[in-house]
Amino acid sequence: MVNPATNYGKNGVQDWIVQRLTAVILAIYTLFIIGTLILSGDVTYAGWKALFSLTWVRVFSLMALLSVLAHAWVGLWTVSTDYIKPPMVRFLFQLFCGVLLFVYVVWGVEVLWGL
Amino acid sequence: MLKVSVYRYNPDVDEAPYMQDIEVEIPEGKDLMVLDVLGLIKEKDPTLAYRRSCREGVCGSDGMNMNGKNGLACITALSDVVKGGKLVLRPLPGLPVIRDLVVDMSLFYKQYEKIKPYLINDTPAPAIERLQSIEDREKLDGLYECILCACCSTACPSFWWNPDKFVGPSGLLQAYRFLADSRDTATEERLADLDDPFSVFRCRGIMNCVSVCPKGLNPTKAIGHIRNMLLERAV
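First, a word on scope: everything that follows refers to the structure included in this document.

Parameters and conventions
Residues numbered from 1 in each chain as written. Chains lettered and ligands numbered in written order. Predicted model: local features only at pLDDT ≥ 70, side-chain atom pairs only at ≥ 80, totals over all residues. Heavy atoms only, no water. Helix = DSSP H or I, 4+ residues; strand = E, 2+ residues; numbered from the N terminus. Rg over C-alpha atoms; globule rule 2.2 N^0.38 Å. Salt bridge = Lys/Arg side-chain N within 4 Å of Asp/Glu carboxyl O. Buried < 20%, exposed > 50% of the residue type's maximum accessible area, 1.4 Å probe, protein only. 1 Å grid on protein atoms, 1.4 Å probe; cavity = no way out; pocket = protein on both sides within 12 Å on 5 of 7 lines; lining within 4 Å. Points joined across faces, edges and corners; volume = space filled by probe spheres on them. Nonpolar A, V, L, I, M, F, W, Y, C, P; charged D, E, K, R; others polar. Contact = heavy atoms within 4.5 Å. Buried area = accessible area lost by both parts, 1.4 Å probe. Polar contact = N/O pair within 3.5 Å; in protein donor to acceptor, adjacent residues only side chain to side chain. Axes fitted to C-alpha atoms, helices over the stretch in contact; angles between N-to-C directions. Left-handed = near helix turned anticlockwise from the far one by under 90°.

All right, on to the overall build of chain A then. Within chain A, the regular secondary structure consists of 4 helices and 0 strands. Ordered by position in the sequence, the α and β elements of chain A form the string α-α-α-α. For a compact globule of 115 residues, the expected C-alpha radius of gyration is about 13 Å, and chain A comes in at 17 Å, more than 25% above that figure. Across its three principal axes, chain A shows a C-alpha extent of roughly 50 × 25 × 20 Å.

Okay, here's the thing in structure tokens:
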């Protein structure tokens, strides 16, 4: 049994479930955005602002954003443990990914709620 | 004439591995196996090293990479593998080379050992034997036939990157062989040993293992069953 400390969940099963669930959320969100773009025709600032002033769109967007965080962490962590063998380089890569994802989430919350 | 290119490396003499080109005369009207060709080469050059034993696909000794695909040399016919009159022979990829086509299988066996490849049952043994129903016995078909030739695991990129942590298709096929066995009582312990992010979950389902298995087995399917058992246990 291998027990890494830097993966997302407490074990491989949890990582696997998180990866699949977030993939479904992201797929639905992508369809929602593409569908909105197609149905609304011309994209205007006013239309876009009206859409994102709806609470459920904001919550849905935040859910998608958090899904990106978890999904990307599981994926990039896996890629890093596959391909980057020197532990220090691997750790720095994981740190970079973690900080970047955190910044995305904070930035996204700011955009959505204008905090 | 068949052009054969063989991977050669003798660490005592060679600084680096190299490919040796040899022309081999193939007897007219015969479809030889790759192992026969190796025999003809060894007659010319006795320094060539490779493993072999039963020469009929049962012992699993002569797994190697033939024109880019892993398989057993003894049951791979030239007509199936030779393209454009050329045959390239390399050792199984991803394992340390001991000499020429002979690889160090220690990591492969270590992973096999890890899954406890034996029946565990602590209940008192019956007088004669532990019986299985016909249906329960059938669950082991397609699992017990593995000969541990390592063709599958050494065709698997996940095993190349993490041979010390990912059990690999061969080991996982055997893991499921015991998980599926109605006589085995250690299912929970076995699953607990497999639920980390590496042992099972490094399988990306690319099915290289299925495409190379000389016995026609399906490790990817077995891995899917293990994953389902792990999921059922987790949710």
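Residue and element names in this part refer to chain B. A complete count under the given rule lists 14 salt bridges over all chains for this structure. For Glu56, the salt bridge identified is with Arg55, shortest N-O distance 3.5 Å. Owing to a relative accessible area of 48%, Arg55 belongs among the partly exposed residues under this scheme. Salt-bridge contacts for Asp181 lead to Arg183; the nearest nitrogen and oxygen are separated by 2.8 Å. Exposure remark for Asp181: the relative accessible area of 2% places this residue in the buried category.

On to empty space enclosed by the protein. Rolling a probe over the atoms, with the probe sized like a water molecule, indicates the empty space that remains. All names here are of chain B. A full pass over the atoms with the stated rule returns 1 cavity of 30 Å³ or more. Forming the walls of the largest cavity are 15 residues, and the residues nearest its centre are Cys146, Ile147, Cys149, Cys152 and Cys213. Among the residues making up the lining of the largest cavity, the classes are represented as 13 nonpolar, 1 polar and 1 charged.

The next point concerns the interface of chain B and chain A. In this complex, chain B contributes 18 residues to the contact, which on the side of chain A involves 16 residues. Together chain B and chain A conceal approximately 1600 Å² of surface at their shared face, both sides included; 65% is due to carbon and sulfur atoms. Counting across the interface, chain B meets chain A through 1 salt bridge. The shortest N-O distance in the salt bridge between Asp82 of chain A and Arg202 of chain B comes to 2.9 Å. At the junction of chain B and chain A, the tally comes to 8 residue pairs in polar contact (both at pLDDT 80 or more). In terms of residues, the side of chain B that touches chain A owes the most to one element, helix α9 (residues 219-234) of chain B, which gives 4 residues.

The next subject is the side chain of Asn121 of chain B. Residue and element names in this part refer to chain B. Take Asn121: it is sitting in the loop between α3 (106-114) and α4 (134-138). In this structure the side chain of Asn121 is engaged in a polar contact, spanning 2.5 Å, whose partner is the side chain of Thr123. Side-chain polar atoms of Asn121 contact the backbone oxygen of Arg183, separated by 2.6 Å. Contacts of Asn121, omitting those with residues within four sequence positions, involve Arg130, Arg183 and Thr185.

The axes of two packed helices give the description: the angle between them and the distance between them. All names here are of chain A. Look at helix α1 (residues 12-40) against helix α2 (residues 45-53): their axes get within 12 Å of each other, and the N-to-C directions meet at 145°. Note on packing geometry: the crossing formed by α1 with α2 is right-handed. Where α1 abuts α2, its residues Tyr29, Phe32, Ile33, Thr36 and Leu37 lie against Trp48, Leu51 and Phe52. Class assignment for the residues of the contact of α1 with α2 results in 7 nonpolar, 1 polar and no charged.

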